[in-house]
Amino acid sequence: MPPHVPDATVTVRYWAGARAAAGVDSDTVSGCATVGDAVAAVTRLRPALEPVTAVSSLLLEGVPADRDAALPAGAVVEVLPPFAGG
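Here goes a summary of the coordinates provided. Just so it is clear, the structure is predicted and the values come from calculations on it, not from any experiment.

## Overview of the environment of Glu78
Considering the arrangement of structural elements, one finds Glu78 in strand β5 (residues 76–80). Looking at Glu78, the relative accessible area reads 13%, which means it is buried. Along the sequence, Glu78 and Gly62 sit 16 residues apart, while their C-alpha atoms lie 7.5 Å from each other. Setting aside its immediate chain neighbours within four residues, Glu78 contacts Arg13, Trp15, Ser57, Leu58, Leu59 and Gly62. Side chain to side chain, Glu78 and Trp15 meet in a polar contact 2.8 Å long.

This is the structure in structure tokens:
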């Protein structure tokens, strides 16, 4: 993974209910130092995401991440809402 760059530009990808709430597959946001910053930025862009991101798992470069995880420039954050089924 590239080194952390303060205020990175990152891609946020949406899956399942997050994609439905966003109305798009992904967004690119900048000015993000942490995963939480990126989630807050896309929630400002797409307010319908707020209840979904509140309960979603977050991945950073395919690995589960906390909201305080530092973002490297060009990183991909994925929003995976809870799902049911079997």
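Let's pick the thread back up.
## As for the pairing of strand β3 (residues 57–60)
Pairing of β3 with β5 involves four bridges; the strand directions are antiparallel. Directly across from Leu60, in β5, lies its bridge partner Val77. Sheet analysis places β3 next to strand β4 (residues 63–64), joined by two bridges and oriented antiparallel. Its bridge partner lying in β4, Leu60 is registered against Val63.

## Quick look at the side chain of Thr53
Here Thr53 shows up in helix α3 (residues 50–53). According to the relative accessible area criterion, Thr53 is buried, its value standing at 4%. In this view, Thr53 contacts Val39, Thr43, Arg67 and Val79; residues no more than four positions away in its chain are not counted.

## Focus on the environment of Ala54
Checked against the element boundaries, Ala54 lands in the loop between α3 and β3. Each C-alpha atom of the pair Ala54 and Val39 lies 9.5 Å from the other, and the pair is 15 residues apart in sequence.

## Topic: the sheet that holds strand β2 (residues 26–32)
Taking strand neighbours across the sheet as the criterion, the five strands line up as β2-β1-β5-β3-β4 in an open arrangement whose pairing is mixed. Two strands close off the open sheet at either side, each with one partner strand: β2 and β4. Each of β1 (8–14), β2, β3 and β5 touches helix α2 (residues 35–45); the most contacted strand, β2, lies at about 120 degrees to it.

## Considerations on the pattern of salt bridges
A full pass over the atoms with the stated rule returns two salt bridges. A salt bridge links Asp25 to Arg19; the shortest N-O distance between them is 3.0 Å. On the basis of relative accessible area, Arg19 is assigned to the partly exposed category, the value being 32%. As a salt-bridge pair, Arg46 and Asp27 come within 2.7 Å of each other at their nearest N and O atoms. Of this pair, Arg46 sits in the loop between α2 and α3 while Asp27 sits in strand β2, and the two are 19 residues apart along the sequence. On the accessibility criterion, Asp27 (10% relative accessible area) is buried.

Definitions and cut-offs
Residues numbered from 1 in each chain as written. Predicted model: local features only at pLDDT ≥ 70, side-chain atom pairs only at ≥ 80, totals over all residues. Heavy atoms only, no water. Helix = DSSP H or I, 4+ residues; strand = E, 2+ residues; numbered from the N terminus. Buried < 20%, exposed > 50% of the residue type's maximum accessible area, 1.4 Å probe, protein only. Contact = heavy atoms within 4.5 Å. Polar contact = N/O pair within 3.5 Å; in protein donor to acceptor, adjacent residues only side chain to side chain. Pairing = 2+ DSSP bridges. Axes fitted to C-alpha atoms, helices over the stretch in contact; angles between N-to-C directions. Salt bridge = Lys/Arg side-chain N within 4 Å of Asp/Glu carboxyl O.

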